[in-house]
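Structure assessment
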Amino acid sequence: MSLPELRRLETDTSGWTNDDEKGTTKHLEAVDPMHAIAEDDEDGNVGLAAYEQSKAMGEMTPEQNKRIRKRIDMFLLPLFLITQTLQYLDKTALNYAKVFGMEKAMHMKGNQYSLGAAIFYIGYMVSQPGWQYLLGKYHAGRVLGASAFIWGLTVLVMVWSKNFTHVMVTRFFLGVFEAAVTPGLSLMTAWWYRRDEIPLRQTIWYSAVGWGGMIGSLMAAGISKMDDHPTPRWKLIFYLLGSITMLLGVLLYFFLADGPASAKWIKKDDRPMAVNRVAQSGVGLKTTNFDWKHGFEACKDYKTWLLSLAMFGSSVPNGVLTNFSGSIIKGLGYSTFNAALLDCAGRSLQVISLLIAGIVATRWANTRLLMMTIGNLICVLGTALMSFLPFTHKYTWPRLIGFWLINTQSIGFTMGLVMVSSNIGSYSKRIVASSFIFVAYCVGNIVGPLTALESEAPRYQTAAYCMMGGYILKTICHGSLWYLLWRDNKKRDTKYGPADPVLAADNGMKGMTEQENTHFRYVL
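Keep in mind that this is a model prediction, so the values were computed, not measured. (Residues numbered from 1 in each chain as written. Predicted model: local features only at pLDDT ≥ 70, side-chain atom pairs only at ≥ 80, totals over all residues. Heavy atoms only, no water.)

Turning our attention to a nonpolar patch on the surface. A cluster of nonpolar side chains, Phe149, Ile150, Val250, Leu251, Tyr253, Phe254 and Phe255, forms an exposed patch at the surface whose accessible area comes to about 660 Å². For the nonpolar patch, the elements supplying multiple residues, two or more each, are α7 (140–157) and α12 (233–255). Counting residues per element, the nonpolar patch draws most heavily on α12, which supplies five residues. Position of Phe255 among the secondary structure elements: in helix α12. (Patch = residues over 30% accessible without salt bridge, like charges linked within 9 Å, V, L, I, M, F, W, Y side chains within 5 Å. Areas by Shrake-Rupley, 256 points an atom, 1.4 Å probe, with all protein chains shown as cover. Salt bridge = Lys/Arg side-chain N within 4 Å of Asp/Glu carboxyl O. Helix = DSSP H or I, 4+ residues; strand = E, 2+ residues; numbered from the N terminus.)

Time to look at the environment of Phe391. Mapped onto the elements of the fold, Phe391 is located in the loop between α17 (368–388) and α18 (396–405). Owing to a relative accessible area of 32%, Phe391 belongs among the partly exposed residues under this scheme. For the pair Phe391 and Pro458, spaced 67 residues apart in sequence, the C-alpha separation works out to 9.7 Å. The contacts of Phe391, once residues within four sequence positions are left out, are Gly331, Leu332, Arg399, Pro458 and Arg459. (Buried < 20%, exposed > 50% of the residue type's maximum accessible area, 1.4 Å probe, protein only. Contact = heavy atoms within 4.5 Å.)

Attention now moves to α12. Taking 1.5 Å per residue as the helical rise, α12 with its 23 residues ought to reach 33 Å, and the 34 Å between its terminal C-alpha atoms agrees with that figure. Within α12, the full set of buried residues consists of Trp234, Leu236, Ile237, Phe238, Leu241, Gly242, Thr245, Met246, Leu248, Gly249 and Leu252. Packed against the buried residues of α12 are α4 (62–99), α5 (102–105), α7 and α11 (208–224). (Expected span 1.5 Å × (residues − 1).)

Once that is clear, we can look at unusual backbone geometry. A positive phi angle, close to 75°, is found at Ser426, a residue other than glycine. Given the relative accessible area of 4%, Ser426 is considered buried. If you check the backbone angles, Tyr460 has positive phi at about 55° while not being a glycine. Within the secondary structure layout, Tyr460 lies in the loop between α20 (427–451) and α21 (461–496). In this structure Tyr460 comes out as buried when scored by relative accessible area, which is 4%.

Right, let's talk about the confidence of the model for the chain for a bit. Per-residue confidence for the chain gives a mean pLDDT of 85; residues scoring 70 or more make up 91%. Across residues 1–39, confidence stays below pLDDT 50; counting only partners more than four residues off in sequence or on other chains, it has 50 contacts. (pLDDT = per-residue confidence, 0-100.)

Here we come to the pattern of salt bridges. In the structure shown here, the tally under the stated rule is 15 salt bridges. Notably, a salt bridge pairs Arg277 with Glu197, separated by 2.8 Å at the nearest N-O pair. Taken together, the residues Arg277 in helix α13 (residues 271–279) and Glu197 in the loop between α9 (181–192) and α10 (198–206) connect sequence positions 80 residues apart. Each member of the pair Arg277 and Glu197 is classed as buried. Here Asp343 and Arg347 are joined by a salt bridge, their closest N and O atoms 3.7 Å apart. Of this pair, Asp343 and Arg347 are both found in helix α16 (residues 336–363), four residues apart, which corresponds to roughly one turn of the helix. Each of the two residues, Asp343 as well as Arg347, counts as buried.

So, about the packing of aromatic side chains. Overall, the coordinates contain 26 aromatic pairs when judged by the stated rule. Ring plane angle 80° and centroid distance 4.9 Å describe the contact between Phe120 and Tyr121, whose orientation is recorded as edge-to-face. Each member of the pair, Phe120 together with Tyr121, is buried. Relative to Phe173, the ring of Phe172 has its centre 5.3 Å away and its plane inclined at 85°; by these criteria the two rings are edge-to-face. Since its relative accessible area comes to 24%, Phe172 is described here as partly exposed. (Phe/Tyr/Trp six-rings, centres within 6.5 Å; stacked < 30°, edge-to-face > 60°.)

Put into structure tokens, the structure is as follows:
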């Protein structure tokens, strides 16, 4: 069914239409509704036909909306959570392998471990724009599934590494294939959920970094208690994680849908309304054709630059946290087993803080940047304790608490990605803005491990100072973004009057950016 026919159906609900100049009529032929859903316009705006069909079906009831959302939650959130958890575990496996002697087995000296941690992000940085484009151009489930299978294989290959060069090559390609995950899942969340639903859902699946940290710590604690085994303990970590990730890749390939219009686990009659739900956000779903004009608009947008600078600020300490957490806690005087358990306790704070922020931002409108600011200030406090408290036994617990507090950094990270999916229209503009942000993420994570100087172990004083500076930068950027978005909403209300949510949805589904869409208003 063509779009003109769908619009004709919307205005002529009787199902009868004039056929010729003589006024003879005939009944419209029955059309499979899924045929309309499969169509996109010439600009590649995915879901536009289904959106038009949903408008012809009448207003969605609260019961229907709740049923569709519950269905999506049940099938999508577990997949996203598991995928992000394994991505985090595989990325940080080097941290645990170091504790069990991998560094010595690879004959790594001096700063080589930090370089091995950093090169992952070089691979990540160069490949993540391509993955975001491929997820929009092709079936997202198959793209992500193929990525997961290959990165799982890369994790397995790590057990055959013999020297520092092998580690560097393997870690680089691990970064290349893992780069599809966090940027991709963030963009895909906006394909399934309304703007007011995104914060809680995104914090749920991104809490995987906390769950992954806890699982990794418990895994390390368990391995440390194992009896002697012919296979080195650090290799057991890679065998286990690599195998599970490859199985996940198969699952994603066959079961992750490309969007609500094609999800087989949503009833056929509900699929147009599932698209309509997302359209209400005013940013559209995705486009298979890249719009260069919108891409260049992202390069000039203050939102892109402020979010990128904030991401760099948070990623410098993240690079330290993900690669040196075990070493830092162990350096406070704890055994390998106890250090793993204490790291696990800190990760639980990460999960709790993320879920609290997600619930607050979902329950009360325009509190996203407030949650980000609170999380940032807690991080500044935590790194101040690490930076300025004396490194003596008397201050072991305060320093440990300071280290735990920086786990709240994930609030700003996650909500920063939510600002992209909720406040930037046109998929082409979103992937460019997201690419800038994740380049900053990678650069920060490359710099972070390099600030943890081996000569300063286990205190890592330089790293502590850099972490605090990063969080201060992040706080300033988010505060500036808060003011500028509020100012622009006021300007739009003054210039254009109250926004029409229906027209905002129409324009978003047609691929307009938020700057072109005069009925769009930012969420704060």
